[in-house]
Amino acid sequence: MASRTGPGPAAGSSSRTGFTRAELDAFRGRSIPDVVGPAPRLLLVGINPGLHTAAVQAPFSRPGNRFWPALHRAGILNRVVDASAGLLPDDRAHLLARGVGITTLVAGATARADELTAQQLRDGAASLDSRVAELMPRVVALLGITTFRIAFGQPRAVVGRQPAGLAGAELWVVPNPSGLNAHESVDSLAAAYRAVAVAAGIDVYPVPDPSVAGRPGT
């Protein structure tokens, strides 16, 4: 697979989590590298990078995003990853060892996913098909039902496993972890993510105690 990579992060961003609006705007259209090993079982597909994600070159890095806490609560990871200043090598290695890969449907960063056009989403779906054919994961899970409906031309699709697969993989849609998706909680996200992990054959950890599940390093 030809990994999608973007230019390096802003100077000093490996230790930064705060950026001015002007600094973040400079990252519009930038991409980030996929986090994926040679044989992932589960490929998680975000919509596209946010500006903070492009700045630090790590997926789901915006402080407050529920993606990493949900992966821990789901029993996919053994700790809550803090990617707000970049993805640490140990965390990346843990993710890949668990058989999980992360990519995006559309490469270019925007402030909000709803800035993307329908054509960009459809083009992203075609590109994703090629990447899945090369990587051959057991399960592909797209994070966002509205995006899926547009990208794949399935206006009546619902969350869950889709009737048709993608390049030989099972295709699922799970809720997006963005805080804008207000009717979802870390618990509901975790339940959906755990289901796709189990479908992918990942040996999930016991569900952690909610009283400690949100703490980094637990």
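Residues numbered from 1 in each chain as written. Predicted model: local features only at pLDDT ≥ 70, side-chain atom pairs only at ≥ 80, totals over all residues. Heavy atoms only, no water.

Caption draft 1: Region of the structure containing the overall build of the protein chain. Of the regular secondary structure elements, the protein chain holds seven helices and five strands. In the protein chain, the order of α-helices and β-strands from amino to carboxyl end is α-β-α-α-α-β-α-β-α-β-β-α. The long-range share in the protein chain, meaning contacts at least 24 apart out of those at least 6 apart in sequence, stands at 74%. (Helix = DSSP H or I, 4+ residues; strand = E, 2+ residues; numbered from the N terminus. Contact = heavy atoms within 4.5 Å.)

Caption draft 2: Expanded view of empty space enclosed by the protein. For the coordinates displayed, the defined rule picks out one cavity of 30 Å³ or more. By volume, the largest cavity is sized at about 30 Å³. Residue composition of the lining of the largest cavity, by class: five nonpolar, two polar and one charged. (1 Å grid on protein atoms, 1.4 Å probe; cavity = no way out; pocket = protein on both sides within 12 Å on 5 of 7 lines; lining within 4 Å. Points joined across faces, edges and corners; volume = space filled by probe spheres on them. Nonpolar A, V, L, I, M, F, W, Y, C, P; charged D, E, K, R; others polar.)

Caption draft 3: View of the pairing of strand β2 (residues 100-104). Taken across its five residues, β2 has five buried, putting it largely inside the fold. With burial as the criterion, each face of β2 is covered, one bearing V100, I102 and T104 and the other bearing G101 and T103. Pairing of strand β1 (residues 42-46) with β2 involves five bridges; the strand directions are parallel. Pairing of G46 across the sheet is with T104, part of β2. (Buried < 20%, exposed > 50% of the residue type's maximum accessible area, 1.4 Å probe, protein only. Pairing = 2+ DSSP bridges.)

Caption draft 4: Region of the structure containing the side chain of R131. Along the polypeptide, R131 turns up in helix α5 (residues 118-135). Notably, R131 is buried but unbridged: the nearest opposite-charge side chain belongs to D34, and the N-O separation is 4.4 Å. For R131, the side chain forms a polar contact with the side chain of T103, separated by 2.5 Å. (Lys, Arg positive; Asp, Glu negative; His and termini not counted. Salt bridge = Lys/Arg side-chain N within 4 Å of Asp/Glu carboxyl O. Polar contact = N/O pair within 3.5 Å; in protein donor to acceptor, adjacent residues only side chain to side chain.)

Caption draft 5: Representation of the packing of aromatic side chains in the model. Here the structure, examined in full by the defined rule, presents four aromatic pairs. With centroids separated by 3.9 Å and ring planes inclined at 15 degrees, the aromatic side chains of F60 and F67 adopt a geometry described as stacked. Taken together, a centroid distance of 4.9 Å and an interplanar angle of 80 degrees make the contact between F67 and W68 edge-to-face. Pair check on accessibility: F67 and W68 agree, each one buried. Among the aromatic side chains, those forming a connected cluster through ring pairs are F60, F67, W68 and Y193. (Phe/Tyr/Trp six-rings, centres within 6.5 Å; stacked < 30°, edge-to-face > 60°.)

Caption draft 6: Region of interest: the layout of surface pockets. Taken as a whole, the largest pocket encloses approximately 1,100 Å³ of empty space. In terms of lining residues, the largest pocket is bounded by 44 residues, among which R112, A113, N176, S178 and L180 are the most central. Where the lining of the largest pocket is concerned, the elements lending two or more residues are α2 (51-56), β2, α5 and α6 (145-151). The greatest single-element share of the lining of the largest pocket, amounting to four residues, is contributed by α6. When the residues that make up the lining of the largest pocket are grouped by side-chain class, the tally is 20 nonpolar, 20 polar and four charged.

Caption draft 7: Quick peek at helix α7 (residues 186-199). Given a rise of 1.5 Å per residue, 14 residues ought to cover 20 Å, and the 20 Å separating the end C-alpha atoms of α7 matches this to within 8%. Those residues of α7 that are buried are in contact with β1, α3 (67-73), β3 (139-143) and β5 (170-174). Downstream of α7 by one or two residues, G201 has phi in the positive range, about 85 degrees. (Expected span 1.5 Å × (residues − 1).)

Caption draft 8: Quick look at the pairing of β5. The buried fraction of β5 amounts to four of the five residues, a majority that puts the element mostly inside the structure. Taken together, the five bridges between β3 and β5 define a ladder with parallel strand orientation. Across the sheet, residue L142 finds its bridge partner in β5, namely V173. Pairing of strand β4 (residues 160-161) with β5 involves two bridges; the strand directions are antiparallel. From the neighbouring strand, G160 faces β5, where its bridge partner is V173.

Coordinates in, geometry out; function isn't part of it.
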